[in-house]
Amino acid sequence: MDNRKKYFIANWKMNPASENDAKKLARNVVALLRAVKKRGNTRIVLCPPFTFLLPVASLLGYGAELGAQNCHFEDSGAYTGEVSAKMLKSLKCRYVIVGHSERRNYFNEDSKLINKKLHSVLKNGLTPVLAVGEKEGESVKVIERQLKEALEGVSGAKAKNIIIAYEPVWAIGTGKSATADNAMSARIMIRKVLAAFYPKTTANKIPVLYGGSTDSKNIVRFTKDAQMDGALVGDSSLNAKEFIKMVEEIGK
Ligand code: PEP
């Protein structure tokens, strides 16, 4: 296994249905994580819905960390129903997913908004997990544009704290994952774009993950064959055994 950190970021989306179920899932993940013998240089991040952040935070251990699925770009103010990166920080949240395709598509988040959120997450000392990816039939050129727009005004010093998740929209929640070649060429393209903005050492440090219908059977295709730095995991992260099996696959 190579030395680069591998991230397993669990995006629970709007699941599970109750606080008790969220606690059960987090407890199971942590208990199984504890029993993993070889996990290499992996980082496990759980991103529950906002309401379950606090209960889940109290159950974390064995290196599992806390992340959120979204945030507002201001620290506080008259924004009914919103939650800021600053508030998330106070809950010991370390990561925030920004630009997920479900937020882009169902909540009309555009690149300007994503850029503001990214700045706010960085300003508050948290790690943004910036999701980019093309829709079915779109050229991967879209990713270049999404990256340029999201990273506008982000200095090299700040950029080294970002994680990028390449998530082809057609692969999210569909059971149709990318091939190793798809993922590898997207990774190379993302690295080229990053290298155009930042010094090579900074660009190389930024982890590039894959997301889209990953499970314990295909994870190695992405982390080993396509040399991605881990995965942003939706459905499979709602099953503690399956999620931790993915981590075990990497440690083998
Ligand atoms: C996601 O929501 O980011 C995701 C990758 O979902 P899934 O693993 O279910 O495709």
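Attention here is on the structure that accompanies the text. This one's a predicted model, so the numbers in the text were calculated from it and none came from an experiment. (Residues numbered from 1 in each chain as written. Predicted model: local features only at pLDDT ≥ 70, side-chain atom pairs only at ≥ 80, totals over all residues. Heavy atoms only, no water.)

1. Describing the overall build of the protein
Part 1 of the reasoning: Secondary structure summary: the protein contains 11 helices and eight strands in total.
Part 2 of the reasoning: The C-alpha radius of gyration of the protein comes to 17 Å, within 12% of the 18 Å expected for a compact globule of 252 residues.
Part 3 of the reasoning: Put simply, the protein has 252 residues, and 52% of those count as buried.
Part 4 of the reasoning: Nonlocal contacts in the protein, meaning residues at least 24 apart in sequence, comprise 72% of its contacts between residues at least 6 apart.
Part 5 of the reasoning: For the protein, the exposed area adds up to about 11,700 Å²; of that, 51% sits on carbon and sulfur atoms.
Part 6 of the reasoning: Mean positive and mean negative side-chain charge positions of the protein (40 and 25 charges, respectively) differ by 7 Å. (Helix = DSSP H or I, 4+ residues; strand = E, 2+ residues; numbered from the N terminus. Rg over C-alpha atoms; globule rule 2.2 N^0.38 Å. Buried < 20%, exposed > 50% of the residue type's maximum accessible area, 1.4 Å probe, protein only. Contact = heavy atoms within 4.5 Å. Areas by Shrake-Rupley, 256 points an atom, 1.4 Å probe, with all protein chains shown as cover. Lys, Arg positive; Asp, Glu negative; His and termini not counted. Charge placed at Lys NZ, Arg CZ, Asp CG, Glu CD.)

2. A short note on the packing of aromatic side chains
Part 1 of the reasoning: Inspection of the entire model under this criterion finds four aromatic pairs.
Part 2 of the reasoning: Among the aromatic residues, those joined into a cluster by ring pairs are Tyr166, Tyr210 and Phe222.
Part 3 of the reasoning: The ring of Phe107 carries Arg103 above its face, with NZ or CZ at 4.1 Å from the centroid.
Part 4 of the reasoning: Looking at Lys116, its charged tip hangs above the ring of Phe73, at a distance of 4.5 Å from the centre. (Phe/Tyr/Trp six-rings, centres within 6.5 Å; stacked < 30°, edge-to-face > 60°. Lys NZ or Arg CZ within 6 Å of the ring centre and 35° of its normal.)

3. Describing the sheet that holds strand β1 (residues 6-11)
Part 1 of the reasoning: On the basis of which strands lie adjacent, the closed barrel formed by eight strands has the order β1-β2-β3-β4-β5-β6-β7-β8 and parallel pairing. Each strand of the sheet is rotated relative to its neighbour by a mean of 25°, with strand direction disregarded.
Part 2 of the reasoning: Against the sheet, helix α11 (residues 240-251) makes contact with β1, β2 (42-47) and β8 (230-233), and its axis sits at roughly 170° relative to β1, the strand it touches most. (Pairing = 2+ DSSP bridges. Axes fitted to C-alpha atoms, helices over the stretch in contact; angles between N-to-C directions.)

4. Some details on the pairing of strand β6 (residues 163-166)
Part 1 of the reasoning: Residue alternation in β6 divides its side chains into two sets, Ile163 and Ala165 and Ile164 and Tyr166, and both sets are buried.
Part 2 of the reasoning: Pairing analysis gives three bridges linking β6 to strand β7 (residues 208-211), with the strands arranged parallel. Bridge pairing links Ala165 to Leu209 in β7.

5. Side note on the site of the ligand
Part 1 of the reasoning: The ligand sits among 14 residues. The nearest are Lys13, Glu167, Gly173, Ser213 and Gly234.
Part 2 of the reasoning: Glu167 places a side-chain nitrogen or oxygen 2.7 Å from an oxygen atom of the ligand.
Part 3 of the reasoning: Within the backbone of Gly234, a nitrogen or oxygen atom sits 2.8 Å from an oxygen atom of the ligand.
Part 4 of the reasoning: Here the ligand loses 99% of its free accessible area of 290 Å² to cover by the protein chains.
Part 5 of the reasoning: Taken together, the residues of the shell around the ligand sort by class into four nonpolar, seven polar and three charged. (Near = heavy atom within 4 Å. Polar contact = N/O pair within 3.5 Å; in protein donor to acceptor, adjacent residues only side chain to side chain. Nonpolar A, V, L, I, M, F, W, Y, C, P; charged D, E, K, R; others polar.)

6. Here's the deal with helix α6 (residues 141-150)
Part 1 of the reasoning: Those residues of α6 that fall on the buried side of the exposure criterion are Val142, Ile143, Gln146, Leu147 and Ala150. Viewed along the axis of α6, the buried residues span an arc of 135°, placing them on a single side of the element.
Part 2 of the reasoning: If you follow the buried residues of α6, they end up packed against α4 (101-106), α5 (111-123), β5 (127-132), β6 and α8 (180-197). (Arc of directions from axis to C-beta.)

7. Brief notes about the nonpolar core
Part 1 of the reasoning: In terms of nonpolar packing, the biggest core is built from 65 residues, with Leu46, Leu130, Leu147, Ile162, Ile164, Ile190 and Phe243 touching the most fellow members.
Part 2 of the reasoning: Setting aside anything within four residues of it in sequence, one finds Phe243 in contact with Phe8, Ala10, Val29, Ile44, Leu46, Val233, Ser236 and Ser237.
Part 3 of the reasoning: In this structure, Ile9, Cys47, Ile163 and Leu209 belong to the second largest nonpolar core, which totals 11 residues. (Core = buried A, V, L, I, M, F, W, Y, C linked by side-chain atoms within 4.5 Å.)

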